[in-house]
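What follows is the residue order along each chain.
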Amino acid sequence: MDIYSNTANLKTPSILRQGVSKNFGRIMDTQHIGPQIRKVRKSLKITQKQLATMSGLHLKTITNLEKGNTINPKVDTISRICKSLSISLDELLKV
């Protein structure tokens, strides 16, 4: 008996059945995150270029996020920005 013979009885999590798994590792509700990043960045008197350098991201990534041109940014991207701005994701979303 191999270890895979009984896998048919395992239930697939509903999130995977719905095809949402392709968005794993992404921030889903991002409508206001770009303006929030801009607000915090400007309050700290940091330029987009400085934030890009501090976070290890491309300037275009920061620009697109702030303009709202990025849909479902990666969690890692937002995490890097938050770390660079010394703010948690919860704080960023509450600003």
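Here, the structure is the one placed above.
Please read these numbers as outputs of a predicted model, since none were measured by experiment. (Residues numbered from 1 in each chain as written. Predicted model: local features only at pLDDT ≥ 70, side-chain atom pairs only at ≥ 80, totals over all residues. Heavy atoms only, no water.)

Caption draft 1: Molecular detail of the pattern of salt bridges. The tally for this structure, following the rule as stated, stands at 3 salt bridges. The salt bridge partner of arginine 41 is glutamate 66, with a shortest N-O separation of 2.6 Å. With arginine 41 in helix α2 (residues 33-43) and glutamate 66 in helix α4 (residues 59-67), this residue pair connects regions lying 25 residues apart in the sequence. For the pair arginine 41 and glutamate 66, a shared accessibility class is recorded, and that class is buried. The residue aspartate 76 makes a salt bridge to arginine 80 at a minimum N-O spacing of 3.2 Å. With aspartate 76 and arginine 80 both in helix α5 (residues 75-85), this residue pair falls 4 residues apart, about one helical turn. On the basis of relative accessible area, aspartate 76 is assigned to the partly exposed category, the value being 44%. For arginine 80, a relative accessible area of 34% translates into the label partly exposed. Taken together, the shared-partner salt bridges connect Arg38, Arg41 and Glu66 into one network. (Salt bridge = Lys/Arg side-chain N within 4 Å of Asp/Glu carboxyl O. Helix = DSSP H or I, 4+ residues; strand = E, 2+ residues; numbered from the N terminus. Buried < 20%, exposed > 50% of the residue type's maximum accessible area, 1.4 Å probe, protein only.)

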